[in-house]
Amino acid sequence: MQLKNPILGLCQQSTFMLSAAKVDQCPDDEGFEVAFAGRSNAGKSSALNTLTHASLARTSKTPGRTQLLNFFKLDDERRLVDLPGYGYAKVPIPLKQHWQRHLEAYLGSRESLKGLILMMDIRHPMTDFDLLMLDWAVASGMPMHILLTKADKLTYGAAKNTLLKVQSEIRKGWGDTITIQLFSAPKRMGLEEAYTVLADWMELADKGSEAAE
């Protein structure tokens, strides 16, 4: 009998912890953290809510509403972090600069950060922001997993072709350490694959490894 991925129960009981405008307002830098990043319209909040079976992250018809680092507790050692959405034109320049400064400080200094989930809209992948995040992840040795979101907006064949194309581009430019998958929040596509990555980064993988082969 296949045992459930242990991250499932943790995600289902996740609760909001706190919001931080600056790094010194973040929770204690210990345990395991996985951060979710993406452009403002990449479906980041929807993906987080689908993975946690809760309306933790605020979804909005106006992109760019996530203006703080939002921390969600899975257990005493593990957290998910919703990073500020990037690239929304109507956000004032000083606020963009504030986000960038504190986001860089968070990414560069956080010892408990074990991996980064980068969301790309499958219809508009590899934006300037995505390239910056890929560069940063490789330069800092940070594990990265990409969700090609809104995969339900394309036919399966077109979505698969985009996946292969983006995968090939990433391998050529950044090597083969970055993983990538298709994802759709409304269709609940790609959940199992994403959970496997989270469990691995949060050192929960061994607990579910007695699954039948």
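Look a little higher up for the structure.
Structure report, in brief. (Residues numbered from 1 in each chain as written. Predicted model: local features only at pLDDT ≥ 70, side-chain atom pairs only at ≥ 80, totals over all residues. Heavy atoms only, no water.)

1. Overview of helix H5 (residues 156–174)
Between its first and last C-alpha atoms H5 spans 26 Å; for 19 residues at 1.5 Å apiece the expected length is 27 Å, and the two agree. Among the residues of H5, those classed as buried are Ala159, Thr162, Leu163, Val166, Ile170 and Trp174. Within H5, the buried residues cover an arc of 105° as seen down the axis, which keeps them to one side. Exposed side chains of H5 directed beyond 90 degrees from the buried face belong to Asn161, Lys165, Arg171 and Lys172. (Helix = DSSP H or I, 4+ residues; strand = E, 2+ residues; numbered from the N terminus. Expected span 1.5 Å × (residues − 1). Buried < 20%, exposed > 50% of the residue type's maximum accessible area, 1.4 Å probe, protein only. Arc of directions from axis to C-beta.)

2. A short note on the nonpolar core
Ranked by size, the top nonpolar core spans 34 residues in total, and within it Leu83, Tyr106, Leu116, Leu134, Met144, Ile146 and Ile170 carry the most contacts. At the level of elements, strand S2 (32–38), strand S3 (69–73), helix H3 (93–109), strand S5 (113–121), helix H4 (128–140), strand S6 (144–149), H5 and strand S7 (179–182) are the ones that each hand at least two residues to this core. With 5 residues, H5 is the largest single contributor of residues to this core. Setting aside chain neighbours within four positions, we find isoleucine 146 in contact with Leu118, Met120, Leu134, Ile170, Ile178, Thr179, Ile180 and Gln181. Counting 28 residues, the second largest nonpolar core, distinct from the first, contains Cys11, Val34, Leu51 and Trp201. (Core = buried A, V, L, I, M, F, W, Y, C linked by side-chain atoms within 4.5 Å. Contact = heavy atoms within 4.5 Å.)

3. Here's the deal with the environment of serine 140
You can see serine 140 is positioned in helix H4. Residues serine 140 and leucine 107 lie 33 residues apart in sequence; the distance between their C-alpha atoms is 9.4 Å.

4. Examining the side chain of aspartate 82
Here aspartate 82 lies in strand S4 (residues 78–82). Within polar-contact distance, the side chain of aspartate 82 engages the side chain of lysine 44 at 2.6 Å. (Polar contact = N/O pair within 3.5 Å; in protein donor to acceptor, adjacent residues only side chain to side chain.)

5. Notes on the packing of aromatic side chains
Applying the stated criterion to the full structure yields 2 aromatic pairs. Where phenylalanine 71 meets tyrosine 106, the ring centres are 6.3 Å apart and the plane angle is 75°; that geometry is what we call edge-to-face. Pair noted here: phenylalanine 71 is in strand S3 and tyrosine 106 is in helix H3, with a separation of 35 residues, a long-range link. (Phe/Tyr/Trp six-rings, centres within 6.5 Å; stacked < 30°, edge-to-face > 60°.)

6. Examining the pairing of S3
Where burial is concerned, most of S3 is hidden: 4 out of the 5 residues are buried. In the sheet, strand S1 (residues 15–20) pairs with S3 via 5 bridges, with the strands oriented antiparallel. Of the residues in S3, the one forming a bridge with leucine 18 is phenylalanine 71. In the sheet, S3 pairs with S4 via 4 bridges, with the strands oriented antiparallel. Its bridge partner lying in S4, lysine 73 is registered against arginine 79. (Pairing = 2+ DSSP bridges.)

7. A short note on the sheet that holds S1
The strands that make up a sheet pair up through hydrogen bonds in the backbone, lying either parallel or antiparallel. The 7 strands are arranged S1-S3-S4-S2-S5-S6-S7 in an open sheet whose pairing can be described as mixed. Two strands in the sheet have a free side with no partner beyond their single neighbour: S1 and S7. Taking each pair of neighbouring strands and ignoring which way they run, the sheet shows an average axis angle of 25°. Against the sheet, H4 makes contact with S2, S5 and S6, and its axis sits at roughly 160° relative to S5, the strand it touches most. Helix H6 (residues 191–201) contacts S2, S4, S5, S6 and S7 of the sheet and is inclined by roughly 160° relative to S5. (Axes fitted to C-alpha atoms, helices over the stretch in contact; angles between N-to-C directions.)

8. Some words on H4
Its 13 residues give H4 an end-to-end C-alpha distance of 18 Å, which sits within 8% of 18 Å, the value for a rise of 1.5 Å per residue. Turning to H4, its buried residues number three or more, namely Phe129, Asp130, Met133, Leu134 and Ala137. Down the axis, H4 shows its buried residues gathered within 140° of arc, on one side only. Turned more than 90 degrees away from the buried face of H4, the exposed residues are Asp128, Leu132 and Ala139. Immediately downstream of H4, the backbone of glycine 141 shows phi near 70°, a positive value.

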